[in-house]
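# Secondary and tertiary structure notes
Read off the chains here:
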Amino acid sequence: MPELPEVEITRRGIAPNIVGQHVITVVARIPALRYPLPVRFDKLLSGKVLRKIERRGKYLLFDFDTGVLLVHLGMSGSLRLVPVALPAQKHDHVDLVFGQTILRLRDPRRFGAMVWIDGDPESHPLLSTLGIEPLSEAFSASWLFAITRKRKAAIKIVLMDSHRVVGVGNIYASESLFRAGIDPRSPAGKISLKRYERLAPAIKETLSLAIAAGGSSLRDFVHSDGSLGYFQLQAFVYGREGELCRICERPVRMIRQGQRATFYCPHCQR
DNA sequence: CTGGTCACCTGGAAGC
DNA sequence: TGCTTCCAGGTGACCA
């Protein structure tokens, strides 16, 4: 369920409530998500103070004095703050208990991850290979232009490659390309600097707006307090196959790229 | 390196 | 109603 904006909203939602507090206990109800959960998870974190929560791409880094708990929400994960008395439901796999509050991970598909890092997080294999942050200054038209020279892959595929740029998932990739008026199938190496000068800001805007909306365009995004996203951000194209483009009123088309659905307007995106 | 495919897993919706 | 098929927000592993 989460792309970068949802992960960032989750971070902002939970951090004020648990940062500075110590873990009372950890309850893990299954042995593994995508990877095995940390061994002796409870012993590892009990009594440890959570110093801060940072985000890198779609990963959350829970910073304890003794190391970092790396959390990824995969396709279907959510983190919520719930009262200690609230019984766990199906797919509630991990609880970090802080005083009267539990940070509860729910993840039906179990593509998410919780991994303990006790060295330098930057050099951990899951983090060291990540690309740059799309909301950073380094992410720019000239950077996009430079890294795509001679690349034949479709621009949408490149945008979604987390080893180049992090956090741009399937929905916001389609939406950003629509905003920039670029055909998602265009070979990345054939796109001009001028067009990247539309695309880079379009990506930043799309992500920033989603964060600012504090919800998202995602159908079933769940906030850390359990409330649902607000749908304030209307998708221009995502999920709208056959419906009319909000700009030109011609039908939105869906294609498959790399086994993922891509939505675009053939008239507005060239 | 690049570009393409597969696997991991569950549940909801659509089709018959 | 019930069975089958397809689809979903991600990403590492593997192949040529």
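Read on for a plain summary of the structure.

Another aspect to go through is the protein's contact with DNA strand B. For DNA strand B, the full set of nearby residues is K90, H91, P108, R109, R110, F111, R151, K152, A153, R164 and Q259. Each atom of DNA strand B within 4 Å of the protein belongs either to a base or to sugar and phosphate, the latter forming 67%. In the environment of DNA strand B, a phosphate oxygen lies 2.6 Å from a nitrogen or oxygen atom belonging to the backbone of K152. Here a phosphate oxygen of DNA strand B and a side-chain polar atom of R164 are 3.3 Å apart. Of the residues in the surface near DNA strand B, the class split is 3 nonpolar, 2 polar and 6 charged.

Summed over all chains, the structure comprises 4 aromatic pairs. Seen in terms of ring centroids, F64 and W116 are 6.3 Å apart; in terms of plane orientation they differ by 45°. Their pairing is tilted. With a gap of 52 residues between them, F64 in strand β3 (residues 59–64) and W116 in strand β8 (residues 113–117) connect regions that are remote in the sequence. By relative accessible area, which is 2% here, F64 ends up buried.

On to the sheet that holds β3. In a beta sheet, neighbouring strands are held together by backbone hydrogen bonds and run either parallel or antiparallel to one another. A sheet is described by the order of its strands in space; here 4 strands give the open sequence β2-β3-β4-β8, paired in antiparallel fashion. The open sheet is flanked by β2 (50–56) and β8, the only strands paired with a single partner. Averaged over all adjacent pairs, the angle separating strand axes in this sheet is 20°, with direction ignored. Note that strand β4 (residues 67–72) and β8 share 5 bridges and pair antiparallel. When the sheet's bridge partners are listed, V71 is paired in β8 with M114. Helix α1 (residues 4–18) rests against β2 and β3 of the sheet, and its axis sits at about 170° to β2.

So, on to the packing of helix α6 (residues 170–180) against helix α7 (residues 193–212). Across the interface, α6 lies against α7 with an axial gap of 8 Å and an inter-helix angle of 130°. For the element pair α6 / α7, the angle class is oblique. For α6 against α7, the interelement crossing comes out right-handed. Residues Y172, E175, S176, L177, R179 and A180 of α6 touch α7, and the partners they reach there are R198, L199, A202, I203, E205, T206, L207, L209 and A210.

Across all of its chains, the model carries 13 salt bridges by this definition. For E8, the salt bridge is made with R11, and the minimal N-O distance between the two is 2.9 Å. Remark: R11 and E8 occur in helix α1; sequence separation between them is 3 residues, near one turn of the helix. When its relative accessible area of 6% is taken as the criterion, E8 is described as buried. Residue E243 is joined to R240 by a salt bridge in which the shortest nitrogen-to-oxygen separation is 3.4 Å. The class of E243 is partly exposed, set by a relative accessible area of 40%. For R240, a relative accessible area of 8% puts it in the buried group.

Here we take up the nonpolar core. Counting residues in hydrophobic clusters, the biggest one holds 27 residues, and the most contacted among them are F62 and L69. A total of 4 residues in this core trace back to one element, the largest contributor, which is α1. Look past the residues within four positions of F62 in its chain and what remains in contact with it is I14, I18, L50, K52, I53, G67, V68, L69, V71, L79 and L103. A173, A180, A202 and I203 belong to the second-largest nonpolar core, a separate cluster that totals 23 residues.

What counts, and at which threshold
- Residues numbered from 1 in each chain as written.
- Chains lettered and ligands numbered in written order.
- Predicted model: local features only at pLDDT ≥ 70, side-chain atom pairs only at ≥ 80, totals over all residues.
- Heavy atoms only, no water.
- Near = heavy atom within 4 Å.
- Polar contact = N/O pair within 3.5 Å; in protein donor to acceptor, adjacent residues only side chain to side chain.
- Nonpolar A, V, L, I, M, F, W, Y, C, P; charged D, E, K, R; others polar.
- Phe/Tyr/Trp six-rings, centres within 6.5 Å; stacked < 30°, edge-to-face > 60°.
- Helix = DSSP H or I, 4+ residues; strand = E, 2+ residues; numbered from the N terminus.
- Buried < 20%, exposed > 50% of the residue type's maximum accessible area, 1.4 Å probe, protein only.
- Pairing = 2+ DSSP bridges.
- Axes fitted to C-alpha atoms, helices over the stretch in contact; angles between N-to-C directions.
- Contact = heavy atoms within 4.5 Å.
- Parallel < 35°, antiparallel > 145°, perpendicular 65-115°, else oblique.
- Left-handed = near helix turned anticlockwise from the far one by under 90°.
- Salt bridge = Lys/Arg side-chain N within 4 Å of Asp/Glu carboxyl O.
- Core = buried A, V, L, I, M, F, W, Y, C linked by side-chain atoms within 4.5 Å.

Any link to function would need more than the numbers given here.
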